[in-house]
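Chain by chain, the residues run as shown.
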Amino acid sequence: MPMGTFRVCLVVLTAIVNHPLLFPRENGTVPENTEEIIQKMKEREVTLRLEQLRLEQEIAEQEAIQKALEKSAEVVKESKEETVQWDMWTALSMVIFLLIELWRQDFQEGIWHDTGEEDDMAVLGKAFKGVTFPDKAVLASFYEKRILGTTGDMARMREMVEGFADDLLEALRSVCNRDADMEVEDCMGVGSMYENWRVRKPFVCDLIVPFAPPEPYCFRSQTWCSGDSFPPDEQGYGTIKVCRADEDVTGCICDKTKLGEDMLCLLHSQANTTRPSSEMEDLLCFKNTQYLDADQVMKWFQIAVTKAWNRISHKYEFDLSFSLLDSPGALKIKFRSGKSIAFNLTPVVQYENSDVYFISHFPRSSLAADLPSSTHWFLTFAVYERRFIQLVSKTLPANACHVSCLQILSFLHGKQCSLTGPSGLTNYHLKTVMLHLLQSRPSQDWAPEKLEARLQDMLKFLEKCLHEKKLYHFFIGNGKVPAELGFPIIFQRAEPLNLFRPFVLHRDVYRKIVDTFHEMLRNMTALINEYTVHIPLAQTNGIHKES
């Protein structure tokens, strides 16, 4: 208790001693110092308020910038989402469009190869409105007067040309170096002259001559449908590689990998893996490659034919010359009487063990006018086309009208072109139309008395193809080719090849073809009557449709 009282007294005493009023003199400056402090505190407060305002302004600006960035990020995100959604819809639309297009093509393909249906022809024939079609009597008279008499002339010309070509090729073999030059085989006749439907003069025989490389080399071919991707403009073409017979088809890794100088391939010697450029050029390859060059082949063939003719020319009483600069295999026999005979002798390469051949060019045709390069060879199925016509002819009625229809159509088109100028439509297109109809229609529909109806069918089918810009190659992609022909399955399984594809790319050519076709329909009766004996008007009564 005394200790507590002492502590309280001590605190009171300290407070009294330290009170400012007890010592006014010593503490007289206290009020003045307080005012200075207050003034400084006010100034400091003002400074702090200004700093606070500045910081608040900066914070507001930062917040505005942040909000703008967030807003732009949201806009970008939304645009990306919209873009992704749009891309998805675009891709989905494209897929649906492609599926519809593929279905449409398959549906049309099924119609083209379907049998016995006349519904397709019912929706066609728009170009025939107002056209007077010759009747059976006029067509029969025209065919007998203008076309039938040429059959004997073709047979005699074929016999003469084949005999001379065999003699020329035998002389060619004798002038060639068997160890270094190409080996030439026997020639084969193809085309309209050997299918008995050519009508327009001058008659020209088309002969193909297979050839092979000297030992130990061989040809290894690759087509557009062999598995590797080919551009659309190279469909129908292939390449030919010159290889040694003992060379691996797939190739060794030593050809694809750079081995060290101290490393050797255990399968191939150095001599086999490298071949001098001059050696490959001697084998008619394109420079610095192993691919057979069509231009080199044609130059070699022209020189060889010239040497062969010089050897046997003394045996004949006529001259032989190359007739066309743009067709290296076009030859002409000139007799002393002034008459001449033209024929084409074209070297070809056999595709594997089939009767499909690689051909460097088509004489008098635009089918292979624009080769991608001289190492690309077009494929010809002419041998199978001839065999198919012969095979089907055996099942048709006697004197069937299929060849007659093609002859009349070819004559009309040729006459029209002589009046209005050349057309992109060729006789090969016309023959393809006949081949499709031969496969699709029953045998009895080709009886001779139904010539008029079948000719109308060919014209309507051709009109349909021109309207759709689609005429498919008869063999490529056709799964209904008769097994008796032994046709290679790889081409049957390939995508159909549209022979009218060039017309899609060249609209001016297409327009010319359509105009020529329509003009031919309008002039058809006049063109036929020009070569027909007079028939009483009572026998001609317009179009006779088949019941």
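Residues numbered from 1 in each chain as written. Predicted model: local features only at pLDDT ≥ 70, side-chain atom pairs only at ≥ 80, totals over all residues. Heavy atoms only, no water.

J.: Can you walk me through the overall build of the chain in this structure?
T.: Counting its secondary structure elements, the chain contains 16 helices and ten strands. Burial statistics for the chain: of 547 residues in total, 41% are counted as buried. At a minimum sequence separation of 6, the contacts of the chain that also span at least 24 residues come to 72%. Accessible area for the chain stands at about 32,100 Å²; split by element, carbon and sulfur atoms hold 56% of it. (Helix = DSSP H or I, 4+ residues; strand = E, 2+ residues; numbered from the N terminus. Buried < 20%, exposed > 50% of the residue type's maximum accessible area, 1.4 Å probe, protein only. Contact = heavy atoms within 4.5 Å. Areas by Shrake-Rupley, 256 points an atom, 1.4 Å probe, with all protein chains shown as cover.)

J.: What's the story with helix H9 (residues 294-312) in this structure? I'm lost.
T.: Structurally, the α-helix is built with 3.6 residues per turn, so residues lying three or four positions apart point the same way. Relative to the 27 Å expected for 19 residues at 1.5 Å per residue, H9 spans 27 Å between its end C-alpha atoms, a close match to the ideal helical length. Among the residues of H9, Ala294, Val297, Met298, Trp300, Phe301, Ala304, Val305, Ala308, Trp309 and Ile312 are the ones counted as buried. Take H9 and look down its axis: the buried residues cluster within an arc of 165 degrees, on one side only. More than 90 degrees from the buried face of H9, the exposed residues found are Lys299, Ile303 and Asn310. Capping the start of H9, Asp293 holds a side-chain oxygen 2.9 Å from the backbone nitrogen of Asp295, two or three residues further along. (Expected span 1.5 Å × (residues − 1). Arc of directions from axis to C-beta. Polar contact = N/O pair within 3.5 Å; in protein donor to acceptor, adjacent residues only side chain to side chain.)

J.: Looking at this structure, how should I read the nonpolar core?
T.: The nonpolar side chains of a soluble globular protein tend to be buried, and buried together. Membership of the largest hydrophobic core comes to 113 residues, with the highest contact counts inside it found for Leu168, Leu292, Phe343 and Leu345. Tyr237, Val348, Tyr357 and Val383 belong to the second-largest nonpolar core, a separate cluster that totals nine residues. (Core = buried A, V, L, I, M, F, W, Y, C linked by side-chain atoms within 4.5 Å.)

J.: What exactly am I supposed to notice about the packing of helix H12 (residues 427-440) against helix H13 (residues 451-468) here?
T.: Two quantities define a packed helix pair, namely the angle between the axes and the distance from one axis to the other. Remark: H12 packs on H13, axes separated minimally by 10 Å, with the N-to-C direction vectors making an angle of 110 degrees. Accordingly, the angle class assigned to the pair H12 and H13 is roughly perpendicular. Our pair here, H12 against H13, has a crossing hand that is right-handed. Across from Leu430, Val433, Met434, His436 and Leu437 in H12, the residues of H13 making contact are Asp457, Met458, Phe461 and Leu462. (Axes fitted to C-alpha atoms, helices over the stretch in contact; angles between N-to-C directions. Parallel < 35°, antiparallel > 145°, perpendicular 65-115°, else oblique. Left-handed = near helix turned anticlockwise from the far one by under 90°.)

J.: Looking at this structure, I do not really get a nonpolar patch on the surface. What am I missing?
T.: On the surface, a nonpolar cluster with roughly 430 Å² of combined accessible area is contributed by Trp89, Leu92, Ile96 and Ile100. Mapped onto the fold, Leu92 is located in helix H2 (residues 30-112). (Patch = residues over 30% accessible without salt bridge, like charges linked within 9 Å, V, L, I, M, F, W, Y side chains within 5 Å. Salt bridge = Lys/Arg side-chain N within 4 Å of Asp/Glu carboxyl O.)

J.: Just to check I follow, could you spell out the UniProt feature "coiled-coil region" (unreviewed entry) in the chain for this structure?
T.: Here, UniProt's "coiled-coil region" (unreviewed entry) annotation points to residues 38-72. For residues 38-72, the helix share is 100%, the strand share is 0%, and the end-to-end C-alpha distance is 50 Å. (UniProt positions renumbered as here; feature names shortened; annotations may be inferred.)

J.: Would you mind going over the packing of H13 against helix H16 (residues 507-529) with me for this structure?
T.: For the pair H13 and H16, interaxial distance at closest approach is 11 Å and the crossing angle is 155 degrees. When the axes of H13 and H16 are compared, the pair comes out roughly antiparallel. Both H13 and H16 take part in a crossing whose hand is left-handed. Contact residues: Leu459, Leu462, Glu463, Leu466 and His467 in H13; Tyr510, Ile513, Phe517, Met520, Leu521 and Met524 in H16.

J.: Can you walk me through helix H11 (residues 402-420) in this structure?
T.: The first and last C-alpha atoms of H11 sit 27 Å apart over 19 residues, in line with the 27 Å expected at 1.5 Å per residue. Counting buried residues along H11, 16 of its 19 residues qualify, which places the element largely inside the surrounding structure. Phi turns positive, to about 105 degrees, at Gly421, one or two residues after H11.

J.: Could you clarify how one ought to interpret the pairing of strand E7 (residues 330-335) in this entry?
T.: Regular strands show a simple pattern: their side chains alternate between the two faces of the sheet. In terms of strand pairing, strand E6 (residues 318-322) meets E7 through five bridges, oriented antiparallel. Bridge pairing in E7 links Ser321 to Lys332. Direction of pairing for E7 relative to strand E8 (residues 340-350): antiparallel, over a ladder of five bridges. The residue bridging Ile333 from the neighbouring strand is Ile341, located in E8. The antiparallel pairing of E7 with E8 creates a hairpin that spans four residues between the two strands, and Gly338 there sits at a positive phi of about 105 degrees. (Pairing = 2+ DSSP bridges.)

J.: So what exactly am I meant to see when it comes to the environment of Ala308 here?
T.: Tracing the chain through its elements places Ala308 in helix H9. A residue is classified by how much of its surface remains accessible, and Ala308, at 0% relative accessible area, is buried. Separated by 138 residues in sequence, Ala308 and Glu170 place their C-alpha atoms 8.2 Å apart. Leave out the neighbours within four places in its chain, and Ala308 touches Leu168, Ala171, Leu172 and Val175.

J.: Would you mind showing me how to read the pattern of salt bridges here?
T.: A side chain of one charge can pair with a side chain of the opposite charge if their charged atoms are brought near each other. Considering all chains together, one arrives at 16 salt bridges under this definition. Residue Glu45 pairs with Arg49 through a salt bridge whose shortest N-O separation is 2.7 Å. Taken together, the residues span about one helical turn, with Glu45 and Arg49 both in helix H2 at a distance of four residues. Residue Arg49 is classed as exposed on the basis of its relative accessible area, which comes to 52%. Residue Lys315 pairs with Asp167 through a salt bridge whose shortest N-O separation is 3.0 Å. You can see Lys315 sitting in the loop between H9 and E6 and its partner Asp167 sitting in helix H5 (residues 150-175), a full 148 residues away along the chain. You can call Lys315 partly exposed: its relative accessible area is 49%.

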